[in-house]
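Each chain, written out:
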Amino acid sequence: MRLGFIGTGAITSAIIHGLGTSFADQGVIHVSPRSAAISTALAQAFPHVRVAASNQAVLDESDVIILAVRPQISREVIPDLRFRADHHVISLIATLSLDALTGLVAPAPAVSKAVPLPSVALGRGPTAIFPPDPIAAALFDRIGTAIQVDRPEVFDALSAATGTMASYLAFAGAVSAWLVRNGVTETQARHYVASIFDGLSRTAIETPEQSFAALAADHATLGGLNEQLLKHVSDHGVFTALGEGLDAILSRITARPGA
Ligand SMILES: NC(=O)c1ccc[n+]([C@@H]2O[C@H](COP(=O)([O-])OP(=O)(O)OC[C@H]3O[C@@H](n4cnc5c(N)ncnc54)[C@H](OP(=O)(O)O)[C@@H]3O)[C@@H](O)[C@H]2O)c1
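Each value, and the rule that gives it
Residues numbered from 1 in each chain as written. Predicted model: local features only at pLDDT ≥ 70, side-chain atom pairs only at ≥ 80, totals over all residues. Heavy atoms only, no water. Near = heavy atom within 4 Å. Polar contact = N/O pair within 3.5 Å; in protein donor to acceptor, adjacent residues only side chain to side chain. Helix = DSSP H or I, 4+ residues; strand = E, 2+ residues; numbered from the N terminus. Nonpolar A, V, L, I, M, F, W, Y, C, P; charged D, E, K, R; others polar. Expected span 1.5 Å × (residues − 1). Buried < 20%, exposed > 50% of the residue type's maximum accessible area, 1.4 Å probe, protein only. Arc of directions from axis to C-beta. Contact = heavy atoms within 4.5 Å. UniProt positions renumbered as here; feature names shortened; annotations may be inferred.

Moving on to the site of the ligand. For the ligand, the set of nearby residues contains 19 residues, the closest of which are R34, S35, V69, R70 and I73. Within the backbone of A10, one N or O atom sits 2.9 Å away from an oxygen atom of the ligand. R34 is positioned with one of its side-chain polar atoms (N or O) 2.8 Å from an oxygen atom of the ligand. A per-element tally of the shell around the ligand places helix α4 (residues 71-77) first, with three residues. Here the shell around the ligand is built from residues that sort into 12 nonpolar, five polar and two charged.

Below you can see the structure in the form of structure tokens.
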């Protein structure tokens, strides 16, 4: 496979690191030159990664094209590119609709959207794909779990839910900082909190028959510490605010300013 990336930033770097050296058996990866620091570092780390001379050179030398520029500049960059009818295009640009993309990449017929997460660098985490696309699914199954969906509203909702990552990490950071204020070393606090949440995630994944509400109830002994904090944060509107925030993100995605 000749894989090409337009946009060599954080998520492209994560995907290429996730694919790792084993991808060399499958083919080559061409990356666009910007950012020079990232593209150069990727080419130095992986012998099968080549920095193309231009965005167009990425297209000319690749069969599967991943669009990974920011939404704001996608409208400037993509119309200038000459796609081929045999290109397979996968877009990571959340706010650009499938219809708009299809027009922009013509005559390339096959277009799908995907939302990989930074943890693909570790070969973990879900990547939602719409519409179902065997090429995209095979690629993202190598670096985590491909979740193929056939309804745009489901893909949009899954995309919106990825907006919770920074808040989750800030939540973990707040617990860790509280531990430090109470005499725990930074190293120990960080590891302790990350291990608590790692254990909870594994429990949730390994007991798919249990809803999150049931798991929360299981972890909140009557009159215990978890019940007390759950009530406190609920009473202070944390979960209401979370739902409202997700609604606002979904509205932003579906408004599609770049569409
Ligand atoms: N990060 C994530 O977790 C994630 C997950 C799923 C989807 N996405 C989507 O993927 C896209 C990229 O996100 P990102 O986080 O990787 O952003 P990023 O780190 O800012 O990377 C974007 C890259 O595009 C480059 N660029 C700017 N102008 C360009 C041009 N004219 N031609 C070619 N490249 C150009 C930038 O280079 P300069 O630095 O030189 O400007 C930068 O390296 C976005 O649409 C985002 O919504 C991101």
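We are not done yet, so read on.
Moving on, we come to helix α8 (residues 165-181). Between its first and last C-alpha atoms α8 spans 24 Å; for 17 residues at 1.5 Å apiece the expected length is 24 Å, and the two agree. Within α8 the residues assigned to the buried category are A172, S176 and L179. Down the axis of α8, the buried set is contained in an arc of 50 degrees. They therefore lie on one face. In this structure, α8 carries A166 and R181 as exposed residues pointing more than 90 degrees from its buried face. Those residues of α8 hidden inside the fold are in contact with α9 (186-206). With its phi angle positive at about 95 degrees, G183 sits one or two positions after the end of α8.

UniProt annotation of "binding site: NADP(+)" (unreviewed entry) refers to A68, V69, R70 and P71 when read in the numbering used here. With respect to the helices and strands, the residue A68 is situated in the loop between β4 (64-67) and α4. Leave out the neighbours within four places in its chain, and A68 touches I6, G7, I11, T12 and L92. Locating P71 in the fold gives a position in helix α4. Given the relative accessible area of 35%, P71 is considered partly exposed. Setting aside anything within four residues of it in sequence, one finds P71 in contact with I93 and T95.

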